[in-house]
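# Working through the structure, step by step
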Number of protein chains: 2
Amino acid sequence: MNEQIDEKLNSREIKPTAMRELVLKLMMEKLSAISLPELEEQLSYADKATLYRTLKTFEKNKLIHSINDGNGPLKYALCMDDCECEPEELHIHFSCTVCNKTYCLNEIPVPKISLPKGFNLTSVETVVKGVCANCIS
Amino acid sequence: MNEQIDEKLNSREIKPTAMRELVLKLMMEKLSAISLPELEEQLSYADKATLYRTLKTFEKNKLIHSINDGNGPLKYALCMDDCECEPEELHIHFSCTVCNKTYCLNEIPVPKISLPKGFNLTSVETVVKGVCANCIS
DNA sequence: GTTAATTTGCAACTCCGTTGCATTTATTAT
DNA sequence: ATAATAAATGCAACGGAGTTGCAAATTAAC
Ligand SMILES: [Mn+2]
Ligand SMILES: [Mn+2]
Ligand SMILES: [Zn+2]
Ligand SMILES: [Zn+2]
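What comes next is a walk through the structure.

What follows concerns the coordination of the manganese ion (ligand 1). Residue and element names in this part refer to chain A. For the manganese ion (ligand 1), the full set of protein donor atoms is His 65 (NE2), His 91 (NE2), His 93 (NE2) and Cys 104 (SG), and the range of their distances to it is 2.0 to 2.2 Å. Written as a sequence motif, the donor residues of the manganese ion (ligand 1) are H-x25-H-x1-H-x10-C. Of this pair, His 91 sits in strand S4 (residues 91-96) while Cys 104 is found in strand S5 (residues 102-109), placing the two residues 13 residues apart along the sequence. Accessibility classification places His 91 together with Cys 104 in one group, the buried group.

Looking at DNA strand C, there are 17 residues lining it, with Lys48(A), Tyr52(A), Leu74(A), Thr17(B) and Arg53(B) nearest. Put simply, 64% of the atoms of DNA strand C that lie within 4 Å of the protein are in sugar or phosphate. Measuring from a phosphate oxygen of DNA strand C, one finds a side-chain N or O atom of Thr17(B) at 2.6 Å. At a separation of 2.6 Å, a base oxygen of DNA strand C approaches a polar side-chain atom of Arg53(B). Looking at the surface near DNA strand C, the elements with two or more residues in it are helix H3 (36-42) and helix H4 (48-60) of chain A together with helix H2 (18-29) and helix H4 (48-60) of chain B. Sorting elements by how many residues they give to the surface near DNA strand C places H4(A) first, with five residues. When its residues are assigned to classes, the surface near DNA strand C shows eight nonpolar, two polar and seven charged.

In this section: the interface of chain B and chain A. Each partner contributes to the interface: chain B provides 30 residues, whereas chain A provides 30 residues. Summed over both sides, the interface between chain B and chain A buries roughly 2,300 Å², with carbon and sulfur atoms accounting for 66% of that surface. Counting the contacts that link chain B with chain A gives zero salt bridges. The interface formed by chain B and chain A includes 11 residue pairs in polar contact (both at pLDDT 80 or more). For the side of chain B that touches chain A, the secondary-structure elements that each account for two or more residues are strand S4 (91-96), strand S5 (102-109) and strand S6 (120-131) of chain B. The element best represented in the side of chain B that touches chain A is S6(B), accounting for 12 residues. For the side of chain B that touches chain A, a count of residues per class yields 18 nonpolar, nine polar and three charged. Examined bridge by bridge, strand S6 (residues 120-131) of chain A and S6(B) share 11 bridges and lie antiparallel to one another. Within S6(B), the residue paired with Val124(A) across the bridge is Val128(B).

Next up on the list: the side chain of Thr102(A). Residues and elements named next belong to chain A. Inspection of the secondary structure assignment puts Thr 102 in strand S5. Judged by its relative accessible area of 1%, Thr 102 is buried. A distance of 2.6 Å separates a polar atom in the side chain of Thr 102 from a polar atom in the side chain of Asp 69. Sequence-distant contacts of Thr 102, defined by excluding residues within four places in its chain, comprise Ser 32, Ala 33, Ile 67, Asp 69, Lys 75, His 93, Phe 94 and Ser 95.

Residue and element names in this part refer to chain B. Coordination of the manganese ion (ligand 2) by the protein involves His 65 (NE2), His 91 (NE2), His 93 (NE2) and Cys 104 (SG), with metal-donor separations of 2.0 to 2.3 Å. Read from N- to C-terminus, the donor residues coordinating the manganese ion (ligand 2) fall into the pattern H-x25-H-x1-H-x10-C. Comparing His 91 with His 93, the two get one shared label, buried.

Below, the discussion takes up the sheet that holds strand S2 (residues 64-67) of chain B. All names here are of chain B. Ordered in space as S1-S3-S2, the three strands form an open sheet in which the pairing is antiparallel. Strands at the two margins of the open sheet, each flanked by one partner only, are strand S1 (34-35) and S2. With two bridges joining them, S1 and strand S3 (residues 75-78) adopt antiparallel strand pairing. Bridge pairing in S3 links Ile 34 to Tyr 76. Contacting S1, S2 and S3, H2 crosses the sheet at an angle of about 80° to S3. H4 rests against S2 and S3 of the sheet, and its axis sits at about 110° to S2.

Here is what the cut-offs are and how they apply
- Residues numbered from 1 in each chain as written.
- Chains lettered and ligands numbered in written order.
- Predicted model: local features only at pLDDT ≥ 70, side-chain atom pairs only at ≥ 80, totals over all residues.
- Heavy atoms only, no water.
- Donors = N, O, S within 2.8 Å, 3.2 Å for Na, K, Ca; no water.
- Helix = DSSP H or I, 4+ residues; strand = E, 2+ residues; numbered from the N terminus.
- Buried < 20%, exposed > 50% of the residue type's maximum accessible area, 1.4 Å probe, protein only.
- Near = heavy atom within 4 Å.
- Polar contact = N/O pair within 3.5 Å; in protein donor to acceptor, adjacent residues only side chain to side chain.
- Nonpolar A, V, L, I, M, F, W, Y, C, P; charged D, E, K, R; others polar.
- Contact = heavy atoms within 4.5 Å.
- Buried area = accessible area lost by both parts, 1.4 Å probe.
- Salt bridge = Lys/Arg side-chain N within 4 Å of Asp/Glu carboxyl O.
- Pairing = 2+ DSSP bridges.
- Axes fitted to C-alpha atoms, helices over the stretch in contact; angles between N-to-C directions.

By themselves, these figures tell us nothing about what the structure is for.
Here it is as structure tokens:
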């Protein structure tokens, strides 16, 4: 299990420190995105700045990506194994208004948009809000 | 001109105070969205809390809507005259990575998304990033 | 005019994100 | 193995955005 984690870190050229292993492990266990404050809470012994820098490192090396769901703090989720975060790899995100969890919908690519003349597109971000499967009563 | 402004406020059942007239006037003159900090800057004599509450009142009464472009503070833009902010009236937003201005693309409706089973959709927000017409060199 | 309701101004506060700097840990050179 | 160098961590502090309580001022109702 730690094998898999170190492998993942190595594949993104991130040196596998204890802290980084812990954070990645936690993120791999969760199926929804996690924010820095949540991370602080769940790894209470860890320092905020270290966690912050860990996330930044992960993000820079495309192990994770950030999601701004317009609801509280930035959230982070694992990238797919071979992801390079290119425009064509972008997917939409779902934010549940009940449990406040945010999910990557990796199967649903971001929609194609044709802009008015003069506008030059470089990326598209789509956040869908609604009620998730768990919260439907 | 103040005629038009008071009319707009009245049509949304917002009492036309001096402060509110000023804020609405400013927003009508701008063609891009504006944030609370920018508003503070441009109406330097006005108080932050008052401006904040003015925006909240405007938003509640659907005179304006908020835009989370994932880049700094929340921005606000005027709704169309007859807008009720229903899902089918939602449009996409464009955020220029050069000048950092954000525009409503009122002509471009938010894309239709079909979610996996179990997910229940209530709204869609799409932000397109790129370079705006003014910033293309 | 007096009273009640609304709006404004000021101050304070929380939360998230970010940075400087000293200490610890890992890597490299001798 | 030891010393020098580089990288990661911990702690503390800070700044911006958003938000609230409360008193003063303004506006509306009686
Ligand atoms: Mn994602
Ligand atoms: Mn808009
Ligand atoms: Zn949910
Ligand atoms: Zn621009």
